[in-house]
Each structure stands twice: as C-alpha cells, then as structure tokens.
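Chain residues, written in single-letter form:
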Amino acid sequence: MKKKVLEFIRKNKLVKKGNSVVLGVSGGADSICMLKLLSDLQKRLGISLYVLHINHMIRGEEADQDAAFVKKICTKFKVPHRVINVDVPALAQREGLSEEEAGRYVRYDEFSKYAYEVGATKIAVAHNSNDNAETVLMNLARGTGIKGLGGIPPKREMEDANGNVVEVIRPILCLSRKEIEDYLKENEIEYRNDSTNDSTDYTRNKIRLEIMPLLENINDNAMQNITNASNELADTSNYIEKDVDEAYEEFVTEEDGKLFLSDESFAIDPIVLTGVIRKMIENIAGKLKDITRIHVGDVVSLSEKQVGKKIDLPYSIVAEREYEGISMFSESNETESETKNKEVIISFEEGDFDRTSIEELKYTKWLDYDKIDDVVVRTRQKGDYIVIDGDGATKKLKKYFIDEKIPRRERDEVLLVADGNHILWVVGYRISEDVKVTPDTKKVVKLEYKGE
C-alpha cells in the first residue's frame with residue numbers, strides 16, 4: 001500500500017523535499033488512512049505535516065466525538081493539529097447555499113488560512129478512486145463537458161489566505177475505498193463513521209448508495225472501468241486545453257467590461273470552440289459548476305441569429321449577438337442606468353496637510369498616494385482581495401463580503417476603487433490597511449463618493 005501511494009505521489013509530483021503539508025482530517029476511514037500513510041512516508045519524502053479538523057456543527061455530540069478522536073490520533077502519530085468549529089448550517093442559510101456547498105466552502109477557506117499560518121504550500125485531501133468515479137457520474141448527469149468527465153485531478157492550484165498559490169493534492173486518489181478499509185483493518189487502526197454518509201439527502205451519497213451498486217451488478221469492475229476512462233479523458237482534455245488557450249487568445253477580446261467572440265471563431269473545431277466559450281463564462285463568473293452543454297449550444301446558436309438577439313446564462317451572464325461576433329457580460333454591470341447617478345471624485349493634496357483633519361467618514365476616504373499605481377473604479381472581479389491589517393495579511397473580497405453579511409444579490413453592484421486586484425476601498429465600507437495615511441505620508445488622494 002505504501003509503495004503504491006509513494007509511486008502515485010512521485011508520478012504526479014505532489015510534493016517535494018522541504019514542503020509543509022496541511023492535511024484535512026475528518027476522522028473517517030479515508031482521511032485516517034491518508035494521515036497514517038503520509039506519517040509513515042514523512043521522513044522518506046522529506047515533508048512536514050499539519051492536521052486541520054473542522055467541526056461543521058451539523059451532527060452535535062457525534063461531531064464532538066469525531067473532533068476528540070482526531071486530537072487523540074494526531075497526538076499518537078505526533079503530528080501538530082488544530083480543531084475548529086464552524087456553524088455550517090447558519091452559513092448555508094445566510095448565503096442561500098446547500099449545507100454540502102457551504103461545508104466545502106468552509107473547508108477550503110479554513111485550509112487556506114491554516115496553510116498561510118504554518119507556511120504550507122500543499123493542502124492534502126483524502127479523495128479516493130471511488131470518489132473519482134462518483135464525481136464522473138455526477139458531472140455526466142449534470143451535463144458536463146469533457147473536462148468534467150476527467151474526474152478529480154491529482155492536484156490543483158488555489159490561493160492561501162494571503163493570496164499565495166498553494167496546491168491541493170490528493171495522495172490516496174489511487175486507492176479504492178475497499179483497499180483503504182482493508183488496510184486500516186489489517187493494521188488495527190480505528191476510524192469514525194459519519195452518519196450523514198448514510199443519508200441520500202446528499203447528491204454524492206445517492207450515487208454511492210444507489211447508482212454504483214446497480215452498475216457493479218452489471219460489471220464487478222464498473223468503478224475501476226469508470227476511473228480508467230476518466231484518466232484517459234483527463235489526458236485528452238489537457239491536450240485540447242492547449243488548443244483552447246491559443247484560440248481564446250486569437251478570437252476573444254475584452255472591452256468595456258465585455259468579452260467579445262469574433263465570427264471567425266465559428267470555423268474552428270467545435271470541441272475547441274466549446275472550450276473557448278466555457279472559458280469566457282469562467283472568466284466572467286469565476287466558476288463553471290452550473291454550465292452545461294445546452295448553455296454552450298445556446299451561445300453557438302446566436303451566431304445564426306439577428307443582431308441584438310440575447311440569451312440569459314447562469315450567474316447573471318448575458319450573451320448578445322452583435323455585428324461580427326457575440327459579446328458576453330455580467331448583467332449586473334450591463335446598464336448605464338444602474339451607475340449613472342454614482343461617481344467617485346478623486347482629488348489630491350500634497351505637502352503640509354493636517355493629518356488630524358482626516359475623519360472617519362463613510363463616503364469620503366483619504367489614501368497614501370505613493371502606495372498606489374493605477375486607480376480604477378469598478379465592480380468585483382475574480383482574484384480581488386483587500387489588505388486587512390498592518391502586517392499585510394489579505395482577505396479575498398468574496399470572503400470579506402460574506403463576513404460583512406452583504407447579500408449575494410448586492411455584491412455585483414458594490415463599487416470598488418481598485419489598483420489591479422488590490423481593492424483600495426470597498427465604497428461604503430472599509431479601505432485597505434496597506435494604503436492608509438500615516439505620519440510618513442507626503443501626498444494624499446481624497447476619494448469622495450457621490451451616490452443616489
């Protein structure tokens with residue numbers, strides 16, 4: 001088992017000597033197996049391990065027992081660990097998410113913060129090959145493209161709490177659920193059973209408990225065959241992605257907050273065109289979860305429609321037929337009427353200004369001019385962040401909106417003063433700590449909001 005996992009880690013270059021790795025450990029069979037294997041391989045790989053356990057506050061006393069178990073086993077394996085409590089049901093209700101979605105958001109948000117704190121560049125999660133097969137079936141049912149049929153990748157990039165790139169790795173993706181459980185039994189290692197795994201209220205559980213057994217009645221190797229096919233499709237998707245990137249650069253332009261796809265693109269291979277359209281949507285919305293083949297087909301069909309014809313896509317995105325191509329944009333930024341009565345006036349003060357006269361006003365702010373490069377006023381974009389303390393710690397804008405309890409329907413309308421992805425002022429809220437006026441400030445920018 002160790003040899004199989006070691007070979008998988010090395011083949012996919014999941015870690016290298018000197019890496020610090022945060023392990024997400026729930027206490028279940030998969031995560032305990034991952035913890036045990038990486039603990040045993042730690043010296044051989046030359047890595048440092050840290051464990052994070054998150055109590056989602058869904059299962060009451062049972063969840064508390066899980067947390068106590070994780071503490072106990074981490075102490076046994078001599079691995080530094082942390083246990084935190086997050087009220088996922090409350091977050092789900094507040095944000096209009098399912099508990100499944102809210103739980104996933106919380107996990108990766110907390111992983112990113114802990115990774116930044118301990119200096120980790122890797123976050124290990126315990127997906128296995130059964131999870132991969134279930135994901136392929138779930139994506140297929142939802143209407144995914146070829147990328148979704150590639151299943152769960154061995155690694156992917158994300159940002160830590162300070163905006164640094166870290167990798168999410170899946171070191172036991174090569175193992176089946178049966179292999180994991182047999183390994184733990186043979187080594188007399190305890191683990192916890194999550195009662196929610198038996199509930200078909202969750203989509204993944206329905207696939208695992210109802211659909212997979214039916215497929216395995218047809219063929220005992222159904223799970224492995226799905227996994228093998230997904231691996232081949234993942235390789236195919238990676239190959240096609242190179243052509244998609246080249247076509248995107250050639251046929252897509254951006255102007256006035258809109259992406260424009262030229263008519264010339266409709267002569268390229270359909271599978272590449274599909275990738276280009278999906279990439280346009282992802283660049284506007286920051287995600288592709290609810291985008292299906294039907295949505296892509298609707299965009300393609302616009303090429304044969306008259307100028308001015310529009311279609312609505314998920315995430316408040318609109319695609320519109322124009323002369324010589326199709327434009328795509330966020331509907332919340334579409335009309336001038338939404339912002340015509342709003343403006344940010346920018347003025348400058350230099351020299352011996354009176355710092356004590358700077359007030360804490362909601363719609364007037366003063367910033368240190370010399371710490372700013374290029375100021376623009378806009379609404380949110382993917383990758384936006386704000387500096388939240390004097391040590392330079394940052395927070396993603398999305399997380400800031402959640403923490404401030406700004407309703408999701410209003411977030412695309414909040415005006416921002418930005419320098420690239422660095423948000424200098426969330427208008428009506430706070431400014432970045434990084435550009436505040438200090439005793440050393442020589443030149444000041446005054447920002448004043450004039451709104452409805």
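Quick look at the structure, then.

How each quantity is defined
Residues numbered from 1 in each chain as written. Predicted model: local features only at pLDDT ≥ 70, side-chain atom pairs only at ≥ 80, totals over all residues. Heavy atoms only, no water. Buried < 20%, exposed > 50% of the residue type's maximum accessible area, 1.4 Å probe, protein only. Helix = DSSP H or I, 4+ residues; strand = E, 2+ residues; numbered from the N terminus. Arc of directions from axis to C-beta. Expected span 1.5 Å × (residues − 1). Pairing = 2+ DSSP bridges. Axes fitted to C-alpha atoms, helices over the stretch in contact; angles between N-to-C directions. Parallel < 35°, antiparallel > 145°, perpendicular 65-115°, else oblique. Contact = heavy atoms within 4.5 Å. Nonpolar A, V, L, I, M, F, W, Y, C, P; charged D, E, K, R; others polar. Polar contact = N/O pair within 3.5 Å; in protein donor to acceptor, adjacent residues only side chain to side chain.

1. A closer look at helix 4 (residues 88-95)
Here's step 1: Here helix 4 has its buried residues at Val88, Leu91, Ala92 and Glu95. Down the axis of helix 4, the buried side of the element spans an arc of 100°, and every buried residue falls inside it.
Here's step 2: Positive backbone phi, at 70°, marks glycine 96, one or two positions downstream of helix 4.

2. Observations regarding helix 11 (residues 270-285)
Here's step 1: Between its terminal C-alpha atoms helix 11 stretches 22 Å, which fits the 22 Å expected from 16 residues at 1.5 Å a residue.
Here's step 2: Burial in helix 11 covers these residues: Val272, Leu273, Gly275, Val276, Ile277, Arg278, Met280 and Ile281.
Here's step 3: Glycine 286 sits one or two residues past helix 11 and shows a positive phi near 80°.

3. Section: the sheet that holds strand 2 (residues 48-55)
Here's step 1: Strand order in the open sheet formed by six strands is 3-2-1-4-6-5, with mixed pairing between adjacent strands. The open sheet is flanked by strand 3 (81-85) and strand 5 (155-159), the only strands paired with a single partner. Pairwise comparison of adjacent strand axes, ignoring direction, gives a mean angle of 25° for this sheet.
Here's step 2: With three bridges joining them, strand 4 (residues 122-124) and strand 6 (residues 165-169) adopt parallel strand pairing. Bridge pairing links isoleucine 123 to valine 168 in strand 6.

4. Thoughts on the packing of helix 9 (residues 203-218) against helix 10 (residues 222-251)
Here's step 1: Between helix 9 and helix 10, whose axes approach to 8 Å, the crossing angle comes to 100°. Between helix 9 and helix 10, the angle falls in the class roughly perpendicular. For the pair helix 9 and helix 10, contact is made by Met212, Leu215 and Glu216 and by Ala222, Met223 and Ile226, respectively.
Here's step 2: Partitioned by chemical class, the residues of the contact of helix 9 with helix 10 number five nonpolar, no polar and one charged.

5. Some details on the sheet that holds strand 8 (residues 258-262)
Here's step 1: Spatially, 7-8-11-10-9 is the arrangement adopted by the five strands of the open sheet, whose pairing is antiparallel. The open sheet has two edge strands with one neighbour each: strand 7 (252-255) and strand 9 (310-313). Here the strands of the sheet are splayed against their neighbours by 25° on average, with no regard to which way each runs.
Here's step 2: Across six bridges, the pairing between strand 10 (residues 317-322) and strand 11 (residues 325-330) is antiparallel. Its bridge partner lying in strand 11, arginine 321 is registered against isoleucine 326.
Here's step 3: This element, helix 10, spans strand 7 and strand 8 of the sheet and lies at about 50° to strand 7.
Here's step 4: Relative to strand 8, helix 11 is tilted by about 170°, and along the sheet it contacts strand 7, strand 8, strand 9, strand 10 and strand 11.

6. Some thoughts on the side chain of serine 330
Here's step 1: With respect to the secondary-structure elements, serine 330 resides in strand 11.
Here's step 2: Not counting residues within four places of it along the chain, the set of residues in contact with serine 330 comprises Ile284, Ser316 and Ile317.

7. Notes on the environment of aspartate 87
Here's step 1: Summarising the element assignment, aspartate 87 is placed in the loop between strand 3 and helix 4.
Here's step 2: For the pair aspartate 87 and serine 301, spaced 214 residues apart in sequence, the C-alpha to C-alpha distance is 44 Å.
Here's step 3: Ignoring sequence-local partners within four residues, the contact set of aspartate 87 consists of His56 and Met57.
Here's step 4: Side-chain polar atoms of aspartate 87 contact the backbone nitrogen of alanine 90, separated by 3.2 Å.

So, to be careful, I would describe these as geometric facts and stop short of saying anything about function.
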